Amino acid sequence: MTNTTYQKFVARWEEVMDLPPQRLGPFTPIYKRFVKHLKVMPWPFLVLGAGFLVFGLYFFIGSTITFLVSLLQRGF
């Protein structure tokens with residue numbers, strides 16, 4: 001009885017643990033290039049992303065960004 005239970009467990013384990021590689025259709029090569037660098041050193045991408053976000057918000061809502069930041073700081 002324990003042998004069949006163990007075999008069922010192993011079969012289920014292999015089914016769950018065997019995941020195919022991620023596929024994104026035509027964007028797969030771009031995704032793999034981007035993720036390869038992101039896995040090694042994510043900080044430069046995070047800093048650049050934060051910078052673009054700040055400048056984008058400033059571009060779209062102007063000096064209201066200071067009011068928004070002050071409001072969020074008061075909330076926390």
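Structure's up top.
The paragraphs below set out a description of the structure included in this document.

If you tally the helices and strands in the protein chain, you get 4 helices and 0 strands. Across the protein chain, helices and strands are ordered from the amino to the carboxyl terminus as α-α-α-α. Since a compact globule built from 76 residues should have a radius of gyration of about 11 Å, the 23 Å found for the protein chain marks it as more spread out than a globular shape. Its C-alpha atoms give the protein chain principal-axis dimensions of roughly 70 × 35 × 25 Å.

On to a nonpolar patch on the surface, then. On the surface, Leu-53, Leu-57, Phe-59, Phe-60, Ile-61, Phe-67, Leu-68, Leu-71 and Leu-72 cluster together to form a nonpolar patch covering roughly 940 Å² of accessible area. Every element with two or more residues in the nonpolar patch is listed here: helix H3 (43-61) and helix H4 (64-75). A per-element tally of the nonpolar patch places H3 first, with 5 residues. Within the secondary structure layout, Leu-72 lies in helix H4. Classification of Leu-72 as partly exposed rests on a relative accessible area of 46%.

Turning our attention to the side chain of Thr-28. Here Thr-28 is to be found in helix H2 (residues 28-40). Judged by its relative accessible area of 5%, Thr-28 is buried.

Glancing now at the packing of aromatic side chains. Under the defined criterion, the tally for this structure stands at 3 aromatic pairs. Seen from their ring centres, Phe-34 and Phe-45 are 5.2 Å apart, and the 70 degrees between their planes marks the pair as edge-to-face. Of this pair, Phe-34 sits in helix H2 while Phe-45 sits in helix H3, placing them 11 residues apart in sequence. The interplanar angle of 70 degrees and the centroid separation of 5.5 Å between the aromatic rings of Phe-59 and Phe-60 together place this pair among those described as edge-to-face. Take Phe-59 and Phe-60: they sit in the same class, and that class is exposed.

Moving on to the environment of Phe-27. Among the structural elements, Phe-27 can be located in the loop between helix H1 (2-17) and H2. Among the residues examined, Phe-27 registers a relative accessible area of 54% and is labelled exposed. Taking the C-alpha atoms as reference points, Phe-27 and Met-41, separated by 14 residues in sequence, lie 22 Å from one another.

What follows covers the pattern of salt bridges. Opposite charge on two side chains allows them to pair when their charged atoms are near. If you walk through the whole model with that rule in mind, you get 1 salt bridge. Where Glu-15 meets Arg-12, a salt bridge forms, and the shortest distance between an N and an O atom there is 2.9 Å. In this pair, Glu-15 and Arg-12 are both assigned in helix H1, 3 residues apart and thus about one turn of the helix distant.

What counts and how
- Residues numbered from 1 in each chain as written.
- Predicted model: local features only at pLDDT ≥ 70, side-chain atom pairs only at ≥ 80, totals over all residues.
- Heavy atoms only, no water.
- Helix = DSSP H or I, 4+ residues; strand = E, 2+ residues; numbered from the N terminus.
- Rg over C-alpha atoms; globule rule 2.2 N^0.38 Å.
- Patch = residues over 30% accessible without salt bridge, like charges linked within 9 Å, V, L, I, M, F, W, Y side chains within 5 Å.
- Areas by Shrake-Rupley, 256 points an atom, 1.4 Å probe, with all protein chains shown as cover.
- Salt bridge = Lys/Arg side-chain N within 4 Å of Asp/Glu carboxyl O.
- Buried < 20%, exposed > 50% of the residue type's maximum accessible area, 1.4 Å probe, protein only.
- Phe/Tyr/Trp six-rings, centres within 6.5 Å; stacked < 30°, edge-to-face > 60°.

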